[in-house]
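Coordinate inspection notes
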Amino acid sequence: MANAQADGQWYPPEWPELIRALASGDLTPAVPRRAATVMLLKDTGDGPAVHMLRRRTSMAFAGGAYAYPGGGVDPRDDDRHVRWAGPARAWWADRLGVDEAGAQAIVCAAVRETYEEAGVLLAGPTPDTVVGDTTGEDWEADRAALVARETSFAEFLDRRGLVLRSDLLGAWTRWITPEFEPRRYDTWFFVAALPEGQRTRNASTEADHTVWITPRGAAAGYDRGELLMMPPTIATLRRLTAYETAAEALDAAPARDLTPVLATARLVEGEIVLSWPGHDEFTKRIPTGGAPA
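Summarised in this report is the structure supplied together with it. What you are looking at is a predicted structure, and each value in this text was computed from that prediction instead of being measured.

This paragraph deals with the overall build of the protein chain. The secondary structure content of the protein chain amounts to eight helices and 14 strands. Computed over C-alpha atoms, the radius of gyration of the protein chain comes to 19 Å, within 12% of the 19 Å expected from 2.2 N^0.38 for 293 residues, which places it in the range of a compact globule. Dimensions along the principal axes, computed over C-alpha positions, put the protein chain at roughly 60 × 40 × 35 Å. Here the protein chain, with 293 residues, has 52% of them falling under the buried criterion. Counted over contacts in the protein chain with a minimum sequence separation of 6, partners at least 24 positions apart contribute 69%. For the protein chain, the accessible area works out to roughly 12,600 Å², and carbon and sulfur atoms hold 49% of it. With 31 positive and 42 negative side-chain charges, the protein chain shows a separation of 1 Å between the mean positions of the two kinds.

So, in structure tokens, the structure goes:
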């Protein structure tokens, strides 16, 4: 379980020891796994709300923290071309900073994980339509097969005759798990609007609670220490408070900087200083033998 801070910043108690091991050369950084997560938005009378899930406290990674639907890339997400609408794979490759196969895999992961964890599917029978209600038994069977990796996302789309709607996604930011963490992810964050006719549900075995909440309300809960979040989550929420509608946030996405944010740890006058470039609020000063300040 993470340490409690004055705010809701997720801070595992083992980090100082891991940071020291990295600095001494006793820890070899793990290779980060590519991942995608989606900030699903819907308009309310108080502005856009975002769909968040609370990870079960029993989870080894970020237990009890609020997050967005998301997860790692399935190796099969780029094994063949899927039916595709929106910007071409080459455009996405340039936007995401990867090759075309990697771009397809990351976008597929974003759409697949949103369906697996929230029951929302950004795909339709034609390039300009989206499926409606996805809560029937047949849809649930398909979702369960995807979660169990019994079928690939490409196979699922082909069998249902669906086109992936990449135009419904906007790439928002990119964060890489610090080098001292044993579980590392290179994660692209996307924004998307909840399609008309669909509704979210807690479909994830990793979550014990889901909520629609305004970014401002979630950030306030974090600041009061009531909602536990990892730095990328609260950082993206703070950026989303600037927009009055989901469409505004999506329109702003193409101009967002996708330079990866990677935490750095350095020794300064007997303290380990942990910082995230461009995000000063997360800086922690760790005495060589004590808890973070």
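This part takes up the sheet that holds strand E6 (residues 123-124). If you trace the three strands from one edge of the open sheet to the other, you get E5-E7-E6, paired in mixed fashion. Each edge of the open sheet is held by one strand with a lone partner, namely strand E5 (84-85) and E6. Taken together, the two bridges between E5 and strand E7 (residues 163-165) define a ladder with parallel strand orientation. Its bridge partner lying in E7, Ala 85 is registered against Arg 165.

Moving on, we get to the nonpolar core. Where a protein is soluble and globular, its nonpolar side chains tend to be buried together. Residues Trp 15, Met 39, Met 52, Met 229, Leu 237, Leu 274 and Trp 276 are the most contacted members of the largest nonpolar core, which totals 39 residues. Each residue touching Trp 276, except ones within four places of it in the same chain, is listed here: Gln 9, Trp 15, Trp 175, Pro 178, Pro 231, Val 261, Ala 263 and Phe 282. Grouped together as the second largest cluster of nonpolar side chains are 38 residues, Trp 92, Ile 106, Leu 122 and Leu 162 included.

Under the defined criterion, the tally for this structure stands at 10 aromatic pairs. For the ring pair Tyr 115 and Phe 156, a centre distance of 5.5 Å and an interplane angle of 20 degrees mean the geometry is stacked. Taken together, the residues Tyr 115 in helix H3 (residues 100-118) and Phe 156 in helix H5 (residues 153-160) connect sequence positions 41 residues apart. The burial state of Tyr 115 is the same as that of Phe 156; both residues are buried. Centroid distance Trp 276 to Phe 282: 6.1 Å. Interplanar angle 80 degrees. Geometry classified as edge-to-face. Using a relative accessible area of 0% as the deciding quantity, one classes Phe 282 as buried. Members of the aromatic cluster, joined through ring pairs, are Tyr 115, Trp 139, Phe 153 and Phe 156. The positively charged end of Arg 160 is found above the aromatic ring belonging to Trp 139, 3.6 Å away from the centroid.

Pairing analysis gives nine bridges linking strand E1 (residues 33-44) to strand E9 (residues 185-193), with the strands arranged parallel. The residue of E9 that forms the bridge with Thr 37 is Phe 189. The antiparallel pairing of E1 with strand E2 (residues 47-55) creates a hairpin that spans two residues between the two strands.

One can describe the packing of helix H4 (residues 137-147) onto H5 by two numbers: an axis separation of 10 Å at closest approach and a directional angle of 155 degrees. Our classification of the angle between H4 and H5 gives roughly antiparallel. When you trace H4 past H5, the crossing you get is right-handed. In this structure, H4 contributes Asp 138, Trp 139, Asp 142 and Leu 146 to the contact, and H5 contributes Phe 153, Phe 156, Arg 159 and Arg 160. Of the residues contributing to the contact of H4 with H5, the split by class is four nonpolar, no polar and four charged.

Further remarks concern the side chain of Glu 117. Considering the arrangement of structural elements, one finds Glu 117 in helix H3. Only 3.1 Å separates the side chain of Glu 117 from the backbone nitrogen of Gly 70, close enough to count as a polar contact.

Thresholds, definitions, all that
- Residues numbered from 1 in each chain as written.
- Predicted model: local features only at pLDDT ≥ 70, side-chain atom pairs only at ≥ 80, totals over all residues.
- Heavy atoms only, no water.
- Helix = DSSP H or I, 4+ residues; strand = E, 2+ residues; numbered from the N terminus.
- Rg over C-alpha atoms; globule rule 2.2 N^0.38 Å.
- Buried < 20%, exposed > 50% of the residue type's maximum accessible area, 1.4 Å probe, protein only.
- Contact = heavy atoms within 4.5 Å.
- Areas by Shrake-Rupley, 256 points an atom, 1.4 Å probe, with all protein chains shown as cover.
- Lys, Arg positive; Asp, Glu negative; His and termini not counted.
- Charge placed at Lys NZ, Arg CZ, Asp CG, Glu CD.
- Pairing = 2+ DSSP bridges.
- Core = buried A, V, L, I, M, F, W, Y, C linked by side-chain atoms within 4.5 Å.
- Phe/Tyr/Trp six-rings, centres within 6.5 Å; stacked < 30°, edge-to-face > 60°.
- Lys NZ or Arg CZ within 6 Å of the ring centre and 35° of its normal.
- Axes fitted to C-alpha atoms, helices over the stretch in contact; angles between N-to-C directions.
- Parallel < 35°, antiparallel > 145°, perpendicular 65-115°, else oblique.
- Left-handed = near helix turned anticlockwise from the far one by under 90°.
- Nonpolar A, V, L, I, M, F, W, Y, C, P; charged D, E, K, R; others polar.
- Polar contact = N/O pair within 3.5 Å; in protein donor to acceptor, adjacent residues only side chain to side chain.

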